[in-house]
Amino acid sequence: MASTSRGGKHFYSSSESEEEEEAHKKFNIKIKPLQAKDVLRSAATVDELKASVGNIALSPSPVGTIKRNLSSEEITRPRRSTPTPDPASKKPGEDAAALAPLFGPPLESAFEEHKLEAALDQPEVWGSVQPINTNVESPKLPRPFPTGTPPPLPPKNIPATPPRTGSPLPPAIGSSRGPSPLTMGAQDTLPVAAAFTETVNAYFKGADPNKCIVKITGEMVLSFPAGITRHFANNPAPAVLTFRVLNFNRLEHVLPNPQLLCCDNVQSDSNSKEFWVNMPNLMTHLKKVSEQKPQATYYNVDMLKYQVSAQGIQSTPLNLAVSWRCDPASTDLRIDYKYNTEAMTTPVALNNVQFLVPVDGGVTKLQAVLPPAVWNAEQQRILWKIPDISQKSENGGVGSLLARFQLSEGPSSPAPLAVQFTSEGSTLSSCDIELVGAGYRFSLIKKRFAAGPARRFPVAAVDEILRDVVGSALRERRYEPGPCREAAKDIAEVVKARVKALAVPRYKIVVVAHVGQLGGQSLQMGSRCLWDPQSDTFSSYVFKNASLFAVTNVYGMYLE
């Protein structure tokens, strides 16, 4: 909590969040001089020094080096270990740990951390929709695709079509080829990392597979090391970055970044599609990001957003069936699940699987819960947690969850089941990427998917909470520095408690409240957040009377 005074007007603010920041670690380093005997033993002769200096070759251009110290606003490194590259293919001086900063955080932290992205000068971020396989019907999107101009043609100094020299470069999965991305010479191929992240939303009605509705969306992001900006500054006409998306026919809608990507809409091969980058725009974009985040070690750039052609229940990695038996005195709940290998390009484990079901009717006792689960009496919800489900699980990933509830105000009403999981190493679309031409290399290609949020953040309900809490606290109050300071803190605490009582699963809540003196002054307030617009959102409320004003914001960030 802080207070400032300017021109006789006072302003107080308070914020509440669900976790504290970790303290910075400190290191104590001691440097001791060499002893006289060590100096004599390590001294080199004049001839040895001349021979060493004569063999030194300087690079024709400065070497771009990425700083290792990360700011608190940067994307944290992946919490999971990167696959170990083949020692036989690893070149001397190459550090596998150095590859971690080339790619963003794992899916479980993608929404609570910040992405290092900067908007271009154009107001539109995504262009018009490119329909693929229009004869296949798909579930409608919850919101219309943004409209805008088609992807722009590259400037005159960029060829209309990418250079065709060289054969497609094979992708590197979890390994690095060539020099380390932390230092780049003039003749080095530039390292680029790619990531496919997909979200599956499925609605199951009973045990009828024909009533399953599935929607799968995804995005492809390219990541560049910070040292690449210095390379571009020394080489203003770099090679055009060109790549090919494989299994493109599995996609129904594709939204390329119109300021950065170009493509030929007429291509003979429907199984793949080539894109090339508008290099002047990319260099401008990366330069702007480097100025905004000088300590960043890499920059993530959104390239493609897409929707996957789904084939009903066959496209879901986990098939579900729920049955209820609701009596006045008890409720029996059964959940059957089945791991579906056919939905994935490469069968991988589903990690951190959680089954969450609300049960009403005044539950007084749980009986015959298999496997063991956690019951939240305050929120009236039962939660099963399974570390992972795969082909190696018991019965090949087929199982059941059982529970019986004793009721005091029955019968219960069947409620929706929410299931969450994450997975690394595969996608549901089968999409892949390869480079075309020379000048660049993939240091890492990462694939992952997860279940989408089962329930969206209730903005309307939070708006009502803000009006009630802020209005009740300040409607009859006149501005006084001390009481208003405490009022800002109380408002933040009460709002956070009431929003948490809505029991929206998997959302982190952050509340920021401001109370200030109203005396005819001009005041502008703003907030800036980096998050996932598909699941994260906020609610805001402004209050004022004859003496004071208040602004309260509630941010809801979805956590995997």
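The shown structure was predicted, so the numbers you read here are calculated from the model rather than taken from an experiment.

Here we look at the state of the cysteines
This structure, assessed with the given rule, holds 0 disulfides. C262 takes part in no disulfide bond, and the closest cysteine sulfur to it belongs to C263, at a distance of 7.7 Å.

Regarding the confidence of the model for the protein chain
Averaged over every residue, the pLDDT of the protein chain is 74; residues scoring 70 or more account for 66%. Below a pLDDT of 50 lies the segment residues 19–25, which in the model reaches 2 contacts outside its immediate sequence neighbourhood of four places, other chains included.

Remarks on the sheet that holds strand β16 (residues 363–370)
Pairing is antiparallel across the open sheet formed by 4 strands, whose spatial order is β13-β14-β19-β16. Taken across any chain shown, the strands that pair with only one partner, and hence form the sheet edges, are β13 (318–326) and β16. Along the sheet, successive strands turn relative to each other by an average axial angle of 15°, direction set aside.

Regarding the sheet that holds strand β8 (residues 242–246)
Across the sheet, 4 strands lie side by side as β10-β11-β8-β21; this open sheet has antiparallel pairing. This sheet does not close on itself; its edge strands, each paired only once, are β10 (261–263) and β21 (432–435). Looking at each pair of strands side by side, their axes are set apart by 35° on average, direction ignored. In this structure, β8 lies alongside β21, joined through 4 bridges in antiparallel fashion.

Some details on helix α4 (residues 279–292)
Taking 1.5 Å of rise per residue, the 14 residues of α4 would be expected to cover 20 Å, and the 20 Å separating its terminal C-alpha atoms lies within 8% of that figure. Of all the positions in α4, only M279, L282, M283, H285, L286, K288, V289 and S290 are classed as buried. Turning to α4, the residues buried within the fold contact β7 (213–225), α3 (228–234), β11 (272–277), β12 (298–308) and β22 (440–451).

A word on the packing of aromatic side chains
The geometry of an aromatic ring pair comes down to the distance between the two centres and the angle between the two planes. Taken as a whole and judged by the stated rule, the model has 8 aromatic pairs. Arranged with centres 5.7 Å apart and planes meeting at 50°, the rings of W375 and F405 form a pair that is tilted. One end of the pair, W375, is in strand β17 (residues 374–376); the other, F405, is in strand β19 (residues 398–407), and 30 residues separate them in sequence. Of the residues examined, F405 reaches a relative accessible area of 0% and is grouped as buried. Taken together, the ring pairs connect F243, F248 and F275 into an aromatic cluster.

Topic: the pairing of strand β20 (residues 418–424)
The element β20 is largely enclosed, with a buried count of 7 among its 7 residues. Judged by which residues are buried, β20 turns out to be covered on both faces: A418, Q420, T422 and E424 on one side and V419, F421 and S423 on the other are all buried. In this sheet, β20 lies alongside strand β15 (residues 350–358) in antiparallel orientation, the contact comprising 4 bridges. Bridging from a neighbouring strand, F355 pairs with V419 of β20. Judged from the 3 bridges that link them, β20 and β22 form a sheet pairing that is antiparallel.

With respect to unusual backbone geometry
Across the junction of L370 and P371, the peptide omega takes the value -15°, indicating a cis bond. In this model, N247 sits at a positive phi of 55°, which is unusual for a non-glycine residue. Not every positive phi belongs to a glycine, and N352 is a case in point at roughly 50°. Mapped onto the elements of the fold, N352 is located in strand β15. On the accessibility criterion, N352 (43% relative accessible area) is partly exposed.

About the criteria used
Chains are numbered independently. Their residues run from 1 in the order of the written sequence. Residue-level local features of this predicted model are given only where pLDDT is at least 70; pairs of side-chain atoms are given and counted only at 80 or more, and the full residue set underlies all totals for whole chains, interfaces and linings. As a rule here, side-chain values cover all heavy atoms of the structure and leave hydrogens and water aside. The definition used for a disulfide is geometric: two cysteine sulfur atoms within 2.5 Å. What pLDDT reports is the predictor's confidence in each residue, on a scale of 0 through 100. Any two residues having at least one pair of non-hydrogen atoms within 4.5 Å are treated as being in contact. Strands pair, by our definition, only if DSSP identifies at least two bridges between them. Secondary structure elements are taken from DSSP: a helix is a run of H or I of four residues or more, a strand is a run of E of two residues or more, and numbering for both begins at the N terminus. Axis definition: a line fitted to C-alpha atoms, over the contacting stretch in the case of helices. Angles run 0 to 180 degrees between N-to-C directions. Expected span, for any helix, means 1.5 Å times one less than how many residues it has. Only protein chains enter the accessibility calculation, which uses a 1.4 Å probe. A residue is then buried if its area is under 20% of the maximum for its type, exposed if over 50%, and partly exposed in between. Ring geometry is summarised as follows: Phe, Tyr and Trp rings, the Trp one being its six-membered ring, pair when their centres sit within 6.5 Å, and such pairs are stacked at plane angles under 30 degrees, edge-to-face over 60 and tilted between the two.

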